[in-house]
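Below are the chains, spelled out letter by letter.
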Amino acid sequence: MPSRSQLLRALRLLLALAILGWVGHRLWREGQHSEFPAFTPTAPALVVALGSAALAIALLALLYPLTLAAMGRYERRYLAFHLRTWLQAFFYRYVPGKVMLMVERARLAERAGVPRATSVVLVLWETLLLLVGAALVALAGLPLLPQGPAVPTGLLALAAATCVGLLLALPALSRALSRRLPALRQGGADVLPRVRPARLVGLVLGYAVAWLLLGTSFAATCHLFAGGEQVGAAVVVLYVLAHAAGTLLSVTPAGLGVREAVLVAGLAPFLPAPQALAMALAGRVVSTAVELVLVGAAVVLVPLPPPPGGPLGEGPGQG
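Reading guide: rules and limits
- Going along each chain's sequence as written, the residues are numbered from 1 onward.
- Where local features are concerned, this predicted model is filtered to residues with pLDDT of at least 70; where side-chain atom pairs are given and counted, the filter is 80 or more; whole-chain, interface and lining totals use all residues.
- Each side-chain value is worked out from all heavy atoms of the structure, with water and hydrogens disregarded.
- Under the scheme used here, helices are H or I runs from DSSP no shorter than 4 residues and strands are E runs no shorter than 2 residues, and both carry numbers assigned from the N terminus.
- By this rule the span expected of a helix is its residue count minus one, scaled by 1.5 Å.
- In these notes, a set of buried Ala, Val, Leu, Ile, Met, Phe, Trp, Tyr and Cys residues joined through side-chain atoms within 4.5 Å is what counts as a nonpolar core.
- Categorising residues by exposure relies on relative accessible area from a 1.4 Å probe, with only protein chains included: less than 20% of the type maximum marks a residue as buried, more than 50% marks it as exposed, and the intermediate range marks it as partly exposed.
- Here, residues are in contact when the closest pair of their heavy atoms is within 4.5 Å.
- Note on aromatic contacts: the rings of Phe and Tyr and the six-membered ring of Trp form a pair at centre separations within 6.5 Å, being stacked when their planes are under 30 degrees apart, edge-to-face when over 60 apart, and tilted otherwise.
- A ring is considered to have a charge above it if a Lys NZ or an Arg CZ atom is located within 6 Å of its centre and within 35 degrees of its normal.
- Grid points spaced at 1 Å and placed over the protein atoms alone form the basis of the search, with a cavity being a set where a 1.4 Å probe fits but cannot get out and a pocket an open set showing protein on both sides within 12 Å along at least five of seven lines. Lining residues have an atom within 4 Å of a point.
- Grid points are joined across faces, edges and corners, and a volume is the space filled by probe spheres set on the points.
- Basically, the charged four are Asp, Glu, Lys and Arg, the nonpolar ten are Ala, Val, Leu, Ile, Met, Phe, Trp, Tyr, Cys and Pro, and anything else, Gly included, counts as polar.
- What counts as a salt bridge is simple: a side-chain nitrogen of Lys or Arg found within 4 Å of a carboxyl oxygen of Asp or Glu.
- Each patch is built from salt-bridge-free residues with over 30% relative accessible area, joining like charges within 9 Å and nonpolar side chains (Val, Leu, Ile, Met, Phe, Trp, Tyr) within 5 Å.
- Only the protein chains shown count as cover for residues, and all accessible areas are computed by the Shrake-Rupley method using a 1.4 Å probe.
- Every residue gets a pLDDT, meaning the predictor's confidence in that residue, from 0 to 100.
- Fitted lines through C-alpha atoms give the axes, limited to the stretch in contact for helices. The angle between two N-to-C directions lies from 0 to 180 degrees.
- Should an angle fall under 35 degrees it is called roughly parallel, over 145 degrees roughly antiparallel, and 65 to 115 degrees roughly perpendicular, with every other angle called oblique.
- In this scheme the handedness of a crossing depends on how the near helix is turned from the far one: anticlockwise by less than a right angle means left-handed, clockwise means right-handed.

(A) Helix α2 (residues 43-70), seen in detail. If you check α2, its first and last C-alpha atoms are 40 Å apart, about what 28 residues at 1.5 Å a residue would give, namely 40 Å. Once α2 finishes, Gly-72 follows within two positions and takes phi at roughly 80 degrees, a positive value.

Here it is in C-alpha cells:
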C-alpha cells in the first residue's frame, strides 16, 4: 500500500500536470481568436528572449536566500536547496490566491530549518519587494511610453509610494501580529525589524533588475514576429506594468489573462490588437517554457535534505 509521502507526491504531480494542461488549454483558446503575425525569428532575438527570461527567474530565485540572510535565517549549506525551494513553489503560483505557493514553500523550507510561519510572512514580504522594484522600473521608464499611457503618472506614483510605505511599515505590522498571534513568534515574524535599510534597498534593486530582464525577454520575443520592431524600448516598461498588474490580481492563475489584457491595451499605439495579443501569448509561452526547464532541473539535480528529526532524506527528483 502506498505510503502517505508517496500519495502526497502523486497528488502534487497530478496538480502540476493539471496546471500545465489548464494553461495550455487557455493559451490555445486565446490563440484561436488572434491572427498571428508572420514568425520571423533570428538567432540573436531568440537567444535574448530565452536567456533574459532564464537570468530573470534565476535572479528571483537567488533573491530568496538573500532575503533569508537579511532575516538571519540563511545557512550556506542549503543554498542549492533554497533555490530549488523557490523555483518549485513558484510553479504553483498558477493556483489562484498564492495558497499552494505558500504551502509548497513552507513545506520545503521547513527542511532547511525555516519555520512555516516565517515562509508565509516571507511570501508576503517578497510580493511587496517585487512591486516596489516594478514601480521603480515603471517610473524610470515613463518617458519611453507614448503620450496618454494606459496608467496615469500620478496613479503609478501613488502605487509606488503605497508599496514603499507598506514595506517600511511591515516590521511594525509584524510585531503587532506576533503579539496577537503567538504562533508567529515561533515563525520568525519578529526578526523582520532587524533587517537593515541598506539590505532592503539592495533587495529592491535586485527585483528591479529582474523586472528589466523580464521586460527585455518580452521585447526580444516581439522581435521574433513581423512588426515586432515597431514597439521599441517602451515595451519593456509596458511589460513590467502588465506583469505587476497580474501579480496584484492574484485571483487569476499567475495573472493569466490580466497580463495579456494590459499588454494588448498598452501596445495599441504600436500594433493592431490581434498582433499585440499574439505577441503577448508568445511571451507567456517563452516565460513558462523557461520556468519549466529551470524547475525541472532544480527538482532533478538538487536532493531534499533530511526531514526535521528524520534519519534520511529523499534522493534527487523526489518530493
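(B) Representation of the nonpolar core within the structure. One finds Leu-60, Trp-86, Leu-87, Leu-129, Trp-211, Val-235 and Leu-263 to be the most contacted residues of the largest nonpolar core, which totals 60 residues. Counting only elements with at least two residues in this core, the list comes to α2, α3 (79-90), α5 (116-141), α8 (197-222), α9 (234-248), α10 (258-266) and α11 (273-301). The contact partners of Leu-60, leaving out residues within four places of it in the chain, are Trp-86, Leu-130, Tyr-207 and Ala-210. Counting six residues, the second-largest nonpolar core is a separate cluster that includes Tyr-78, Leu-108, Ala-112 and Leu-304.

(C) Structural detail: the packing of aromatic side chains. Applying the stated criterion to the full structure yields three aromatic pairs. Between Phe-91 and Tyr-92, the aromatic rings sit 5.8 Å apart at their centres with planes inclined by 85 degrees, giving edge-to-face as the arrangement. Taking the relative accessible area as the measure of exposure, Tyr-92 reaches 5% and is therefore buried. In this structure, Arg-105 is placed above the aromatic ring of Tyr-64, and the distance from its NZ or CZ to the ring centre is 4.5 Å.

(D) Geometry of empty space enclosed by the protein. For the structure shown, the criterion picks out three cavities of 30 Å³ or more. Approximately 60 Å³ is the volume attributed to the second largest cavity. Taken together, Ala-53, Leu-214, Ser-217, Phe-218, Thr-221, Tyr-239, Gly-283, Val-286 and Ser-287 make up the lining of the second largest cavity. Listing elements by their share of the lining of the second largest cavity, those giving two or more residues are α8 and α11. Top element by residues in the lining of the second largest cavity is α8. It accounts for four residues. Across the lining of the second largest cavity, the residue classes tally to five nonpolar, four polar and no charged.

(E) Spotlight on the pattern of salt bridges. Considering all chains together, one arrives at four salt bridges under this definition. Taking the shortest distance from any N to any O, the salt bridge between Arg-107 and Glu-104 comes out at 3.0 Å. Taken together, the residues span about one helical turn, with Arg-107 and Glu-104 both in helix α4 (residues 99-109) at a distance of three residues. In this structure Glu-104 comes out as buried when scored by relative accessible area, which is 2%.

(F) Just a nonpolar patch on the surface, in detail. On the surface, Leu-62, Leu-66 and Leu-79 cluster together into a nonpolar patch covering about 220 Å² of accessible area. Judged by its relative accessible area of 32%, Leu-79 is partly exposed.

(G) Just the environment of Ala-53, in detail. Considering the arrangement of structural elements, one finds Ala-53 in helix α2. Looking at Ala-53, the relative accessible area reads 1%, which means it is buried. A C-alpha to C-alpha distance of 9.8 Å links Ala-53 and Trp-211, two positions 158 residues apart in sequence. Every residue in contact with Ala-53, bar those within four places of it in the chain, is listed here: Val-48, Ser-217 and Val-290.

(H) Representation of the environment of Val-47 in the model. With respect to the secondary-structure elements, Val-47 resides in helix α2. Note on Val-47: relative accessible area 58%, which makes it exposed. Here the alpha-carbon distance between Val-47 and Thr-221, two residues 174 residues apart in the chain, equals 9.7 Å.

(I) Layout of the side chain of Ser-119. The topology assignment puts Ser-119 in helix α5. Residues in contact with Ser-119, not counting those within four places in the same chain, are Arg-105, Ala-106, Ala-109 and Val-114.

(J) Focus on the confidence of the model for the chain. Of the residues in the chain, 64% have a pLDDT of 70 or more, and the chain-wide mean is 75. Residue range residues 187-191 is modelled with pLDDT below 50. Its contacts to residues more than four positions away, or to other chains, number twelve contacts. Low pLDDT (under 50) marks residues 251-255, which in the prediction has 13 contacts with non-local residues, meaning those over four places away or in another chain.

(K) Representation of the packing of α2 against α8 in the model. Where α2 contacts α8, the two axes come as close as 8 Å, and the packing angle between them is 165 degrees. By the angle between their axes, α2 is roughly antiparallel relative to α8. The element α2 and its partner α8 pack so that their crossing is left-handed. In terms of residue class, the contact of α2 with α8 is made up of 19 nonpolar, six polar and one charged.

(L) Examining the environment of Tyr-74 more closely. Checked against the element boundaries, Tyr-74 lands in the loop between α2 and α3. Of the residues examined, Tyr-74 reaches a relative accessible area of 29% and is grouped as partly exposed. C-alpha separation for the pair Tyr-74 and Val-114, spaced 40 residues apart in sequence, amounts to 8.5 Å. Setting aside its immediate chain neighbours within four residues, Tyr-74 contacts Pro-65, Leu-68, Ala-69, Leu-79 and His-82.

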